Amino acid sequence: MHVDRLAKRYGSHHAVRDASFRVHAGTITGFLGPNGSGKTTTLRALLGLVRPTSGQAHVFGRRYRDLDHPARRVGAALGNASHPGRTARDHLLALARPLGVGRNRVEDVLATVGLDAAGDRVTGGFSLGMRGRLALATALLGDPELLVLDEPNSGLDPEGIHWLRSFLRGWAAQGRTALLSSHVLAEVAQTVDHVVIINQGRVVLDAPAAELGAAHGWVEVRSHDAARLAPLLAAEGLAPRRRGADGLALPGGAAELVGQVAARHGIALLELHTHSPDLEEVFFARTRPPTDDEPMHDEPMHDEPESVASARPLPAGTSGRGTGGRRQR
Amino acid sequence: MSGQQAGVATLARTELFKIASSRRQAVALLAVLVLHVPPMLWGGQDADASWNGLRSRSGLFVAYAVMALGILIVAQEYRYSTAALAFLAVPGRRPVTVAQSLVVAAVGLTISSVLFAAWLTVGVLRYGAAGMHLDRPGQVVAAWAVVVVTVCSAGVLGVGVGTILRGSTAALLALGCCGALEPLLDVTRFRGPVTAPLGVLAWPTSELEMPSLVSAVCWGALALLGALLGVGRDVPS
């Protein structure tokens, strides 16, 4: 799945601006952002339900509408769409006909999502959790290779959330792909391999989940010789920032190099540790609007306005990744 | 160019299944038939009145009922967001609109034909075959064809307006306003989208307001064209 410079404007409102990201085969990608950030619009553009103002969104190398039997290759759950006067089984049967799948598949997906006993109930009487499961059953109907799920956790009870997490893990284990938008960060953190964060219509982060800690964390150093250590680290290509009288902060992944430099110059370190933010911290750091009265905890050593994690490239083996112009602490 | 997708025949069967499985719609359609039974049993007239009322009795109520059905089956798809699911399976979208139009037309054809046959039978039983012009079968077939064409056009108009406005309230309000305004001018009276079926079916069977019939067909075709052009718009979340 490839979204390239996608933009969608409604009148003067830019719902999505120049968004680009990829979803790699065999991964579960979390698509995160606050309400109104452009997640749903992006997913809908990807699925051909919304016409982009510019840019393109491709699935399996083609526009969704150009795929042969697209709903058999891409399963989508976009909200809890069902006619309240129709039973769950009839809802799925009505969707199964255009896909060319039979009643057996309908029974299979009902059983997969745990709604087999409720198949003859009208969906108007379903709880939010049951509607969420029905939406997932809808997505699974065509036995697709790729799932696109918009807020699949919405309304699920803890058991349902646990079930969904297990399901998605099993899905990924089969080498299949999923893109799920969510604002339940804790759940996404336990489920996804890759994270894309969108804010105000712009993609502000696109990174493997496993690298978030290293790429978006930072190293904190405390030494009575911090003033002497800082230029030595700068000479190694790092961008240390002062934190108080004896503190320095550096991009994540620099701890080993800091230790080596300090040892080489006989500087005693009182403290050296890497702070690895969790997904929630990264999310809020990326999406929280800047405030004028936000306290400045550190003083830049250079003309570097970005946060510690967005410093200039680190030496080999200590890769860093920008965080988009926000101070993290 | 769009990839392979379900054909119109499959989509039409799907739409029929949706009507059948949405109990209220099925019951409402059945009610349209059942409501005709009492006047059939107890209505007493002479042969001429029975013949001249054949078109209106078998088509007038059905035309507006089918128009409302057309609006509802489309508008409910948008109301309950199932339109997006249909369009995911058929991204080209237009086949879905064509299938909906065909199904509503087929429903209209079936109901109006059943009622036409029923009223005709009642007339024959009461006034004899000659009283209901069975000795002039061309007139009977023509009367039936006028009813069916008008009813089907009204149904397609409903689908078209529902697709364009995407909401039953908006569509019913728009048609209600049309119905209120059309009688005010000679040029629109029994020629507009709402009153054209009235101009065809409310007249005695022995008379045919051809401009009304042409208007009814043209409005249906125009609404369908508008729907085919408009169905590709963004589907809101």
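Residues numbered from 1 in each chain as written. Chains lettered and ligands numbered in written order. Predicted model: local features only at pLDDT ≥ 70, side-chain atom pairs only at ≥ 80, totals over all residues. Heavy atoms only, no water.

A.B. asks: Just to check I follow, could you spell out empty space enclosed by the protein for this structure?
C.D. replies: Gaps between atoms show up when a probe of the same size as a water molecule is rolled over them. For the coordinates displayed, the defined rule picks out 10 cavities of 30 Å³ or more. Lining the largest cavity are 14 residues, with A71, L99 and T138 of chain A together with L85 and L88 of chain B positioned closest to its centre. If you list the elements that add at least two residues to the lining of the largest cavity, you get strand 5 (74-78), helix 3 (88-99) and helix 5 (128-140) of chain A together with helix 6 (82-89) of chain B. Residues that form the lining of the largest cavity fall into these classes: 11 nonpolar, 3 polar and no charged. (1 Å grid on protein atoms, 1.4 Å probe; cavity = no way out; pocket = protein on both sides within 12 Å on 5 of 7 lines; lining within 4 Å. Points joined across faces, edges and corners; volume = space filled by probe spheres on them. Helix = DSSP H or I, 4+ residues; strand = E, 2+ residues; numbered from the N terminus. Nonpolar A, V, L, I, M, F, W, Y, C, P; charged D, E, K, R; others polar.)

A.B. asks: So what exactly am I meant to see when it comes to the sheet that holds strand 1 (residues 2-10) of chain A here?
C.D. replies: The strands making up a sheet associate through backbone hydrogen bonding, with each pair oriented either parallel or antiparallel. All names here are of chain A. Taken together, the 3 strands give an open sheet; going across it, the order is 2-1-4, and neighbouring strands pair in antiparallel fashion. Unpaired on one side and paired on the other, strand 2 (13-22) and strand 4 (54-58) mark the two borders of the sheet. Going across the sheet, the axis of each strand differs from the next one's by a mean of 25 degrees, ignoring polarity. Lying over the sheet, helix 1 (residues 39-46) contacts strand 1, strand 2 and strand 4, oriented at roughly 115 degrees with respect to strand 1. (Pairing = 2+ DSSP bridges. Axes fitted to C-alpha atoms, helices over the stretch in contact; angles between N-to-C directions. Contact = heavy atoms within 4.5 Å.)

A.B. asks: Sorry, what's going on with the side chain of Q5 of chain B here?
C.D. replies: Structurally, Q5 of chain B can be placed in the segment before helix 1 (8-21). At 3.3 Å, the side chain of Q5 of chain B forms a polar contact with the backbone nitrogen of G92 of chain B. Once residues lying within four places of it in the same chain are set aside, the contact partners of Q5 of chain B are R65, H69 and P70 of chain A together with A89, V90, P91 and G92 of chain B. (Polar contact = N/O pair within 3.5 Å; in protein donor to acceptor, adjacent residues only side chain to side chain.)

A.B. asks: Sorry if this is basic, but what is going on with the interface of chain B and chain A here?
C.D. replies: Interface extent is often summarised as the accessible area lost during association of the parts. Each side of the interface is counted separately: chain B has 33 residues, and chain A has 37 residues. Here chain B and chain A share an interface that buries about 2800 Å² over both sides, 56% of which is from carbon and sulfur atoms. For the pair chain B and chain A, the interface holds 1 salt bridge. Across the pair D234 of chain B and K8 of chain A runs a salt bridge, and its minimum N-O distance is 2.6 Å. Residue contributions to the side of chain B that touches chain A peak at 7 residues, all from helix 1 of chain B. Across the side of chain B that touches chain A, the residue classes tally to 13 nonpolar, 14 polar and 6 charged. (Buried area = accessible area lost by both parts, 1.4 Å probe. Salt bridge = Lys/Arg side-chain N within 4 Å of Asp/Glu carboxyl O.)

A.B. asks: Hey, could you run me through the layout of surface pockets in this one?
C.D. replies: For the largest pocket, the calculated volume is near 450 Å³. Lining the largest pocket are 23 residues, and of these G48, V50, R51, R63 and R65 of chain A sit closest to its centre. Where the lining of the largest pocket is concerned, the elements lending two or more residues are helix 1 and strand 4 of chain A together with helix 11 (210-230) of chain B. The element contributing the most residues to the lining of the largest pocket is strand 4 of chain A, with 3 residues. Grouping the amino acids of the lining of the largest pocket by side-chain chemistry returns 11 nonpolar, 5 polar and 7 charged. Approximately 340 Å³ is the volume found for the second largest pocket. Lining the second largest pocket are 17 residues, with R24, Q25, A28, L72 and Q76 of chain B sitting closest to its centre. Of all the secondary structure elements, the ones that give two or more residues to the lining of the second largest pocket are helix 2 (23-34) and helix 5 (54-79) of chain B.

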